[in-house]
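A structural walkthrough
Each chain, letter by letter, is given below.
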Amino acid sequence: MLPQAYSTSPQTSSSDRDRQPMSDQKHRQHRDGSTSKQSRSTNKVLGDYTLTKTLGAGSMGKVEFATHDVAGERLAIKILSRVHPSTSLPNGSNVSPEAIAKQASKDASKEIRTIRVAALSMLLRHPYICGMREMIIRQHHVI
Ligand SMILES: Nc1ncnc2c1ncn2[C@@H]1O[C@H](COP(=O)(O)OP(=O)(O)OP(=O)(O)O)[C@@H](O)[C@H]1O
């Protein structure tokens, strides 16, 4: 299946913050600086969208079912983890410069392929192929 990263505006608006009483939310600060909220029902919030359940997971990441809080539009959001040199290198202090360079090249290639597939998906218009609206690149994730 082609990646179907329907993405949403990731910024948390002030209206999001005002909507629920603080006691109903758990605010989470992620490593990439973004924040999300988790209500008691374990729904996550991403910008103006509420993520209610995980639709599935593939080799690159997972897909969440999301609903726009105002318009009620329902869509799928695909969340892919980005590779970071510190985590993709093998453990141990005696990693050779060649190994580091090779891993960096692999990581860059993966990132380029991800962006290429997303760019192609955004051009697709077909009744039987799930299209893609937007892609957002964050420090640790592609959404
Ligand atoms: N638009 C969508 N609507 C509903 N469910 C979806 C949608 N996109 C993906 N899924 C679900 O999420 C799962 C993972 O999708 P994803 O695109 O990440 O991986 P895949 O293409 O199935 O596998 P891989 O990436 O390993 O080839 C799918 O198998 C499907 O169950």
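Residues numbered from 1 in each chain as written. Predicted model: local features only at pLDDT ≥ 70, side-chain atom pairs only at ≥ 80, totals over all residues. Heavy atoms only, no water.

Thoughts on the nonpolar core
Note the cut-off: To define a nonpolar core, start from buried Ala, Val, Leu, Ile, Met, Phe, Trp, Tyr and Cys residues and group those joined through side-chain atoms within 4.5 Å. The buried label applies to any residue whose accessible area, calculated with a 1.4 Å probe on protein chains only, is under 20% of its type's maximum; exposed applies above 50%, and partly exposed to all values in between. Here a helix means four or more residues in a row that DSSP labels H or I, a strand means two or more in a row labelled E, and each is numbered from the N terminus. Whether two residues are in contact is decided by their heavy atoms, any of which lying within 4.5 Å being enough.
Formed by L46, Y49, L51, A66, L75, I77, I79, I136 and I143, the largest nonpolar core amounts to nine residues. Examining the composition of this core, we find that three residues originate from one element, strand β6 (residues 74-81), more than from any other. Setting aside residues no more than four positions away along its own chain, I79 makes contact with L51, G61, K62, E64, H141 and V142.

Some thoughts on the UniProt feature "binding site: ATP" (unreviewed entry) in the protein chain
Let me state the cut-off plainly: UniProt positions are given in the numbering used here, feature names are shortened, and annotations may be inferred rather than shown by experiment.
UniProt marks K78 with the feature "binding site: ATP" (unreviewed entry), using the numbering shown here. By the element assignment, K78 lies in strand β6.

Comments concerning helix α3 (residues 97-123)
The condition is simple: Multiplying 1.5 Å by the residue count of a helix minus one yields the expected span of that helix.
The end-to-end C-alpha distance of α3, which contains 27 residues, comes to 39 Å, matching closely the 39 Å that a straight helix rising 1.5 Å per residue would cover. Taken as a whole, α3 has its buried residues at Q103, D107, T114, A118 and S121.

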